[in-house]
Amino acid sequence: MRSYNKNIKFKAFATALILLIGAVACAQVAIKTESKEFQLGDGLSFNVNDGEYKFSISGFIQGVYKYEKTDGAVAVNYFNSRNAYLTLSGSMYKEKVSFMLQNNFSNGKPLLDAWVAYSPVSNLRITFGQKQTFTNNREMTFYEDKLQFVDRGIFSSTFCNTGREFGVFFEGQIGKNNFIVKPKFAITSGDGINSFGTNSADVDKGGLKYGGRLDILPLGSFKPGNDGYIADLKHEDKLKILAGVAGSLNVGASNKIGDGHAEFAFYDSSKKEKLPNYRKFYGDILFKYKGFSLLAEYVKTSASALDNSFVDSAATLPLYPTDISQYLVLGKGINIQSGYVTKSGYSLDFKYEKLTKEFNVNSSLLVNQNGYTVGLAKYLKGNNLKIQTSVTSLNQEQLNSVSNAVENVRTISGQISFLVVF
């Protein structure tokens, strides 16, 4: 009950701030002149008072065909609209306020981003609402239309869901020229996207999530617009490096990766609900130089607050140390991806991923696996119009239900994607 009240107060406070800032900003708008323009990738923009106020309607559509064949199983073919985004965004220069509302209508729960940001000074940005968090790995900080491959690989998708969370986010910057440091900190609900639940009885579980990221650009910033992608679309004239570390502590997690709630519950000796803490640590580095890019990522997850925990409400079945891997994704992983984009827009990309479970037990949610991906892409108008294809070979451990032995199973998949950003 205490954590429930804390989450309600936190959400009420954040929501009140969003409404207050939006009301104050809108009340101060005085329309004098107006211009409209459309640019592929920037959507339809409305500029008021010579750009002092701006409102944009944008989005993107991604159609994907996929073939997948797993050892011992029937091949699967499907074609669908993987992403159908509609984005409403705007900014108010004088009030130092910006906002975004973003939906993916290919999902059953389309709302992805809904936030208002305020910049009291040029090097500080405070955001309230639901947004893509920076406490995950580097690839998860990029929007879905900015990926180097057709979709995210096993490294990102195993430890994250959509990468969105509800809370308050602080982003700063120190330095401007040859050496830049970007500290970031977030306090979120800890229950992932749309954490209010489906109804009034579906409330948050556990406490809050605390996370942060520290990014360093030791050789200065990327070319304008080249920091939003993994690939080097702008062809950096000089070597550029972006190195970072990120981490989070989810107090009272009840979802296998801390992106949801109410998947499981533990109890203490007095039969009261007791949830474990879930920790994530990331390290990553990105290089770009003359069309070449290299991204290396590492992740390690762990759990705490497990002492005197029971898996049943009667507090008769204790939670043994390795049992926690049945409920939380625990282990480590690496992701290395590289590519080269020609000046005419052709790209050849490679990726290697490996995940290792923390405990050597067959009941672990995380299984040992590794995979290779080769991708080809044609950027017709920057990243705003592109055709991509990729082939992946994935090997993972699987328990044979007949022999009860662990064996390696191979999955081969191929994808073709056509993406238009409007």
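Thresholds, definitions, all that
Each chain carries its own residue numbering, running from 1 in the written order of its sequence. Only residues with pLDDT of at least 70 are given local features in this predicted model, and only at 80 or more are side-chain atom pairs given and counted; all residues enter the totals for whole chains, interfaces and linings. Side-chain calculation: all heavy atoms of the structure are included, whereas hydrogens and water are not. Note on conventions: DSSP H or I runs of at least 4 residues are helices, E runs of at least 2 residues are strands, and numbering of each starts at the N terminus. Accessible area is worked out with a 1.4 Å probe on protein chains only. A residue is then buried under 20% of its type maximum, exposed over 50%, and partly exposed in between. Here, residues are in contact when the closest pair of their heavy atoms is within 4.5 Å. The method behind every accessible area is Shrake-Rupley, applied with a 1.4 Å probe, and residues are considered shielded solely by the protein chains displayed. Strands pair, by our definition, only if DSSP identifies at least two bridges between them. Only buried residues count toward a nonpolar core. Its members are Ala, Val, Leu, Ile, Met, Phe, Trp, Tyr and Cys residues joined through side-chain atoms within 4.5 Å. Think of a salt bridge as a Lys or Arg side-chain nitrogen and an Asp or Glu carboxyl oxygen that are within 4 Å of each other.

Would you explain the overall build of the chain in this entry?
In terms of helices and strands, the chain carries 2 helices and 20 strands. When burial is assessed residue by residue, the chain has 47% of its 422 residues classed as buried. Considering only residue pairs separated by 6 or more positions, the chain has 61% of its internal contacts joining residues 24 or more positions apart. Looking at the chain as shown, the accessible area adds up to about 20200 Å², and 59% of this sits on carbon and sulfur atoms.

Please explain the pairing of strand S20 (residues 406–421) as it appears in this structure.
Regular strands place side chains that alternate from one sheet face to the opposite one. Judged from the 11 bridges that link them, strand S3 (residues 53–70) and S20 form a sheet pairing that is antiparallel. When the bridges of S20 are listed, Gln62 appears paired with Leu419. With 15 bridges connecting them, strand S19 (residues 385–399) and S20 associate as antiparallel partners. Counterpart to Gln398 in the pairing with S20 is Glu407.

How should the nonpolar core be read in this particular structure?
Ranked by internal contacts, the top residues of the largest apolar core, which has 22 residues, are Phe159, Tyr278, Tyr282, Ile324 and Leu328. The element contributing the most residues to this core is helix H2 (residues 154–159), with 3 residues. In contact with Leu328, other than residues within four places in its own chain, are Asn255, Lys256, Phe264, Pro276, Tyr278, Ala303 and Leu365. Listed in part, the 8 residues of the second largest apolar core include Phe142, Ile180, Phe222 and Leu286.

Explain the pattern of salt bridges here, please?
Pairing between side chains of opposite charge can happen when the charged atoms of each approach one another. Using the criterion set out here, one finds 18 salt bridges in the structure. A salt bridge links Asp215 to Arg138, with the nearest nitrogen and oxygen atoms 2.9 Å apart. Placement of Asp215 in strand S10 (residues 209–217) and of Arg138 in the loop between strand S7 (124–132) and H2 is noted, with a sequence separation of 77 residues between them. Each member of the pair, Asp215 together with Arg138, is buried. Residue Asp215 is joined to Arg213 by a salt bridge in which the shortest nitrogen-to-oxygen separation is 2.9 Å. Summarising the burial analysis for this pair, Asp215 and Arg213 share the class buried. Salt bridges here are not isolated pairs; linked through shared partners, they connect Arg138, Lys184, Arg213, Asp215 and Asp284.

None of the figures reported here should be taken as evidence of function without further support.
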